[in-house]
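Residue-level structural notes
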Amino acid sequence: MKIVITIIFISLFSLSSAFSQGYNVGDKATGFKLKNIDGKLVSLSDYPDAKGFTVIFTCNHCPYAIAYQDRIIEIDKKYKPKGYPVIAISSNDPEFNAEDSYENMIVRAKEKGYTFPYLFDETQAVCLNYGAKRTPQVFLLQKTGNDLIVQYTGAIDDNYQDAAAVTSPFLANAIDALLAGKKPEPSATKAIGCSIKMKQAK
Amino acid sequence: MIVRHNIIAKLITMRVITLFLFSVLLFCQNVFAQAGKEKPVQVVNFDQLEPHLHHNNDTVYLINFWATWCAPCIKELPAIKAVEEKYANEKFKVLLVSLDLPNELSSRLQPFIKSKNITSDVILLNDPNQNRWINKVDPDWLGEIPFTLIYGKHFRESYSRTFTFEELDSIINLKLNLP
């Protein structure tokens, strides 16, 4: 009996990861309305002229996210004028690490001079919807009619340690592909990151 | 005669004291040597790590991907240590694969291992092209840590979660007692 319970227990663990993969390339993404660091609500519908969006789940405390701060600013500066602005979202429950609080998000955005909205996903609904699991994690969305289609997911590039040693700037290549009317290749990549800290049921 | 006896007594006392001090010194040296004798942390790329993920024998392997900056990883380290100790005499092996920055090996990882008294084998994986190797560990893994692979000759399971001792214990116990 004990073994049966254990087997059920183990199967549940293994299954839980298989179910929540979130958006895949080709999926229709839903919009959102979240509070920016300036206190104002930001929605993707606020950008009628955009061709799409680079939605990046990131946060303050994660060393991998920190390693990419400057590169995210560069991506925004380069591609916002071309129609693909960066929308950064922090979904971490600040209870795990006070560094990820809304107040500290404001501080970080000012310190680094973020050129893009840095939104607080307080209820974690957006991160659950997108299936974002770690920081930093990218969802590149392209406007297609009235829809937002996921065209690329994953990493920003292939070297978190050293921006100068990058051989494949995955995200930039993906946006360039979309701008050229092509499909990004690869359309999905992976990278190590900090897990997004979900609220615990109380 | 009395004087001579006194001198001998003094000499003996001094020798005993010297011997005692010498032993204390030896003992201390030993203790310090033990404390300073940490397991070296090997720094490897993925190709060098890969054989550790595919042993084909009767042992149950637990491979845990972690980092010192990952709070949920640190939280489960005592649980991993406890199962390792519980099954020390069984065919069970733990390998901790650190994803810390390679340039923080001596400033952060090694002091951490010492202060937390980590006795498991630790390897630092220095392979920045993660997109190349994450799928080779597990196609379902998105790259978040902690991430734990538990495998043996006839099974292979991966877990994207933080374990308690009880949870790990029940899994390892079951795997070690497979028919």
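Whatever comes next refers back to the structure up there.
Just so you know, these numbers come straight off a predicted model, no measurement behind them. (Residues numbered from 1 in each chain as written. Chains lettered and ligands numbered in written order. Predicted model: local features only at pLDDT ≥ 70, side-chain atom pairs only at ≥ 80, totals over all residues.)

1. Points about the overall build of chain B
Counting secondary structure elements, chain B contains six helices and seven strands. Counting helices and strands in the order they occur from the N terminus, chain B gives α-β-α-β-α-β-α-β-α-β-β-β-α. Within chain B, buried positions represent 28% of all 179 residues. A separation of at least 24 residues holds for 76% of the contacts in chain B among residues at least 6 apart in sequence. (Helix = DSSP H or I, 4+ residues; strand = E, 2+ residues; numbered from the N terminus. Buried ≥ 20, exposed ≤ 12 C-beta atoms within 10 Å, placed from the backbone. Contact = placed C-beta atoms within 7 Å.)

2. Some thoughts on the pairing of strand 4 (residues 52-57) of chain A
Counting buried positions along strand 4 of chain A yields six of six residues, so the element is predominantly enclosed. Covered by surrounding structure in strand 4 of chain A are G52, T54 and I56 of chain A together with F53, V55 and F57 of chain A, the residues of both alternating faces.

3. What to know about the interface of chain B and chain A
Contacts between the two partners involve 24 residues from chain B, matched on the other side by 25 residues from chain A. Elements supplying a minimum of two residues to the side of chain B that touches chain A: helix 3 (71-86), helix 5 (130-137), strand 5 (144-145), strand 7 (156-159) and helix 6 (165-176) of chain B. The element best represented in the side of chain B that touches chain A is helix 5 of chain B, accounting for four residues. In the side of chain B that touches chain A, the residues fall into 13 nonpolar, seven polar and four charged. The pairing of strand 10 (residues 193-195) of chain A with strand 5 of chain B spans two bridges and is classified as parallel. Opposite G193 of chain A, over in strand 5 of chain B, you have E144 of chain B as the bridge partner. (Nonpolar A, V, L, I, M, F, W, Y, C, P; charged D, E, K, R; others polar. Pairing = 2+ DSSP bridges.)

4. So, the sheet that holds strand 1 (residues 42-44) of chain B
All names here are of chain B. In spatial order, the strands read 1-4-3-2-6-7; together these six strands make up an open sheet with mixed pairing. Looking along the sheet, the strands with just one partner apiece sit at the ends: strand 1 and strand 7. Neighbouring strand axes in the sheet, compared pairwise and without regard to direction, differ in orientation by 20° on average. (Axes fitted to C-alpha atoms, helices over the stretch in contact; angles between N-to-C directions.)

5. Some words on the sheet that holds strand 7 (residues 134-135) of chain A
One open sheet accounts for three strands, arranged 7(A)-10(A)-5(B); its pairing is mixed. The open sheet terminates on both sides in strands that have one partner only, identified here as strand 7 of chain A together with strand 5 of chain B. Examined bridge by bridge, strand 7 of chain A and strand 10 of chain A share two bridges and lie antiparallel to one another. Bridging from a neighbouring strand, R134 of chain A pairs with S195 of chain A of strand 10 of chain A.

6. Concerning the packing of helix 3 of chain B against helix 6 of chain B
Residue and element names in this part refer to chain B. Where helix 3 meets helix 6, the closest approach of the two axes is 9 Å, and the angle between their N-to-C directions is 40°. Judged by the inter-axis angle, helix 3 sits oblique to helix 6. Our pair here, helix 3 against helix 6, has a crossing hand that is right-handed. Between helix 3 and helix 6, the residues in contact are A79, I80, A82, V83 and K86 and F165, L168, D169 and I172, respectively. Its residues placed into classes, the contact of helix 3 with helix 6 shows seven nonpolar, no polar and two charged. (Parallel < 35°, antiparallel > 145°, perpendicular 65-115°, else oblique. Left-handed = near helix turned anticlockwise from the far one by under 90°.)

7. What to know about the environment of I150 of chain B
All names here are of chain B. Mapped onto the elements, I150 comes out in strand 6 (residues 147-151). Along the sequence, I150 and I172 sit 22 residues apart, while their C-alpha atoms lie 8.5 Å from each other. When near neighbours in sequence (up to four residues on either side) are disregarded, I150 contacts V60, L62, E157, I171 and K175.

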